Amino acid sequence: DHADFGALIAATESDSYNTLVCTDFGPTFGRQNVFQVGRLVSQEMDPNDIALSLGGRTLMEAGYDIDSLARRLESGWTFRKTTLTEEFDMEAYKRTLSDGDQIILILRPNGSLSFTTVRTGPAPVAGDTVLSFVQG
């Protein structure tokens, strides 16, 4: 029973398996709510590529596979959460990010999550919390 879950993130070492899981569970969660790491830029950006109909939406930047994420963790990367305010809005927050840092999701005050993908990102406002994967 998947009724308690609103989204799925496939993050194994196998891009093929991640694609299969997201394709299989797309109808269950809704295609907009299945994500995977490690997809190639061409799989996400080419509207004529058949891969657009397979797999999940690319979580974070295209090409960040589980191995590269693990290497970053080992070298000191970490997760950072920051709550936005009227004075410290999303534009100000983005200026604090280093090259390569990735915004992963936005947590709304009501508890809902909005994930960032190659094609889309949430429009955060004051009161939202931003979760990013950043250099240590």
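For the structure, check the block above.
Conventions we followed
Residues numbered from 1 in each chain as written. Predicted model: local features only at pLDDT ≥ 70, side-chain atom pairs only at ≥ 80, totals over all residues. Heavy atoms only, no water. 1 Å grid on protein atoms, 1.4 Å probe; cavity = no way out; pocket = protein on both sides within 12 Å on 5 of 7 lines; lining within 4 Å. Points joined across faces, edges and corners; volume = space filled by probe spheres on them. Helix = DSSP H or I, 4+ residues; strand = E, 2+ residues; numbered from the N terminus. Nonpolar A, V, L, I, M, F, W, Y, C, P; charged D, E, K, R; others polar. Pairing = 2+ DSSP bridges. Contact = heavy atoms within 4.5 Å. Axes fitted to C-alpha atoms, helices over the stretch in contact; angles between N-to-C directions.

### Details of the layout of surface pockets
So, step 1. Here the largest pocket is characterised by a volume of approximately 150 Å³.
So, step 2. Looking at the largest pocket, the residues that line it are A11, V37, L59, M60, I66, L69, A70, L73, F79, I104 and F133.
So, step 3. Here the element with the most residues in the lining of the largest pocket is helix 3 (residues 66–74); it accounts for four residues.
So, step 4. Class assignment for the residues of the lining of the largest pocket results in 11 nonpolar, no polar and no charged.

### Quick notes on the sheet that holds strand 3 (residues 57–58)
So, step 1. Sheet architecture is open: three strands sit in the order 1-2-3, paired in parallel fashion. Sheet topology places strand 1 (8–10) and strand 3 at the edges, where each strand pairs with a single neighbour.
So, step 2. Two strands pair when backbone bridges link them, and strand 2 (residues 34–36) and strand 3 are joined in this way by two bridges, in the parallel orientation. From the neighbouring strand, F35 faces strand 3, where its bridge partner is R57.
So, step 3. Helix-sheet contacts for helix 1 (residues 15–29) involve strand 1 and strand 2, and the interaxial angle to strand 2 is about 170°.

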